[in-house]
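These are the residues of each chain, in order.
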Amino acid sequence: MFYYDRTYILVLIGVVLCMLASNRVNRVFQKYDRVRSHTGMTGREAAERILRANGIYDVQVQHVSGKLTDHYDPRNKVLRLSDATYASSSVAAIGVAAHECGHAVQHAVGYAPLQIRGALVPVANFGSTLAWPLILIGLFMNNQTAGLLINAGILLFSGAVLFQIVTLPVEFNASGRAVRTLESSGMLYEDEVKQTKEVLGAAALTYVASTASMILQLLRLILITGGRRRND
Ligand SMILES: [Zn+2]
């Protein structure tokens, strides 16, 4: 089967990168989840303080079950913190809470990459679901439509890759905002800020890894369909 051609190594490289990044973030989070911040405030309290410090009063902070399920929901203006974050007063928990506040601030100030990312969500969902079926049908066909289907599939997959790329500035910027507020408000000591940076840096690497993995998959698609795209 052409699934297991030599270009499959590109997919495997992506999988390994994502595993390494995810192992690292888990390790760093666990390490600083054992370090209690000097103020003793919880993730929820930190989030509420950061939101207020940024002039945001209409975002609710709620608890959500699960592991690493923390997120900001712009549609309902709710910041949801997971089991490990909501009631924990660890440096890691405050870092994650501050990061999610970073997204709420981005939303409040109309940060452009966040808006672009929001607009690309349907493109990304549609693209990653439809790309492979189109390409597979194209590869099995032997008429002029084949090249057209393959090109459409690659274009759709590129949309999903673009979504991943736009996610990078959004995530890096949210962490940057988080660290600046933690520093300037004096909510954390200098060494605690450094530890928070380590947690958020490790989390950012997981986004870099998944973007790299998507680009490698796109490259593979282009390589395995190379001959077929030109003969129509
Ligand atoms: Zn984020």
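Conventions adopted
- Residues numbered from 1 in each chain as written.
- Predicted model: local features only at pLDDT ≥ 70, side-chain atom pairs only at ≥ 80, totals over all residues.
- Heavy atoms only, no water.
- 1 Å grid on protein atoms, 1.4 Å probe; cavity = no way out; pocket = protein on both sides within 12 Å on 5 of 7 lines; lining within 4 Å.
- Points joined across faces, edges and corners; volume = space filled by probe spheres on them.
- Nonpolar A, V, L, I, M, F, W, Y, C, P; charged D, E, K, R; others polar.
- Salt bridge = Lys/Arg side-chain N within 4 Å of Asp/Glu carboxyl O.
- Buried < 20%, exposed > 50% of the residue type's maximum accessible area, 1.4 Å probe, protein only.
- Helix = DSSP H or I, 4+ residues; strand = E, 2+ residues; numbered from the N terminus.

Considered as a void within the structure, the largest pocket measures approximately 700 Å³ in volume. In terms of lining residues, the largest pocket is bounded by 28 residues, among which Asp70, His99, Glu100, Glu171 and Tyr207 are the most central. When grouped by side-chain class, the residues that make up the lining of the largest pocket number 15 nonpolar, nine polar and four charged. Approximately 150 Å³ is the volume found for the second largest pocket. What lines the second largest pocket is Val25, Asn26, Phe29, Gln30, Asp33, Lys67, Leu68, Asp70, Ser82, Ala84, Thr85 and Val96.

All right, on to the pattern of salt bridges then. Taken as a whole and judged by the stated rule, the model has four salt bridges. For arginine 80, the salt bridge goes to aspartate 73, with nearest N and O atoms at 3.3 Å. Neither residue differs from the other here; arginine 80 and aspartate 73 are each classed as buried. The shortest N-O distance in the salt bridge between lysine 197 and glutamate 183 comes to 4.0 Å. Taken together, the positions of lysine 197 in helix α7 (residues 190–224) and glutamate 183 in helix α6 (residues 144–184) put the pair 14 residues apart, joining distant regions of the chain. The partly exposed category is assigned to lysine 197, whose relative accessible area is 42%. By relative accessible area, which is 43% here, glutamate 183 ends up partly exposed.

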